[in-house]
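# Summary of the model geometry
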Amino acid sequence: MPYKLVFHYPDGTIEEEDELYETEEQADEAGLYGCSCFNEGGEVLHLSNPGEYPNDSIESECDYEIIEVDD
């Protein structure tokens, strides 16, 4: 059964990906990578404009869940 990712961001936004993963492990790796990119993007925004993107905004992390989908 394929798996799908749903990201939960600190501002309350929920984003369901369209991509399907064959295994739960593949979905987990993709979720970890996606959250890592989110956190790194927050750091880059803070470094580029600290006034608009304060340091506390990069300490908020995203979360994800893996759901099974029907074929």
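Here the structure is shown first, and the text comes after it.
About the criteria used
Every chain's residues receive numbers from 1 upward, in the order its sequence appears when written. Under the rules for a predicted model, residues below a pLDDT of 70 receive no local features and side-chain atom pairs below 80 are neither given nor counted, while totals for whole chains, interfaces and linings still include all residues. Side-chain descriptors were evaluated using all non-hydrogen atoms of the structure, hydrogens and water having been removed beforehand. The criterion for a disulfide is a pair of cysteine sulfur atoms lying within 2.5 Å. Under the pairing criterion, centres of Phe, Tyr and Trp rings, with the six-membered ring standing for Trp, must be within 6.5 Å; the plane angle then separates stacked pairs below 30 degrees from edge-to-face pairs above 60, leaving the rest tilted. Strands are runs of DSSP state E lasting at least two residues, helices are runs of H or I lasting at least four, and both sets are numbered from the N terminus onward. Each residue's exposure class comes from its accessible area (1.4 Å probe, protein chains only) as a fraction of the maximum for that residue type: buried when under 20%, exposed when over 50%, partly exposed otherwise.

If you walk through the whole model with that rule in mind, you get one disulfide. Looking at C37, it has no disulfide partner, and the nearest cysteine sulfur is the one in C62, 9.3 Å off.

Bringing the packing of aromatic side chains into the picture now. One pass over the structure, following the stated rule, counts three aromatic pairs. Between the aromatic rings of F7 and Y64, the centroid separation amounts to 6.3 Å while the plane-to-plane angle is 55°, which identifies the pairing as tilted. With F7 in strand β1 (residues 3-8) and Y64 in strand β3 (residues 63-68), this pair connects stretches of sequence that are 57 residues apart. Each member of the pair F7 and Y64 is classed as buried. Among the aromatic residues, those joined into a ring-pair cluster are F7, Y9, F38 and Y64.

Just geometry here; none of it tells us what the structure is for.
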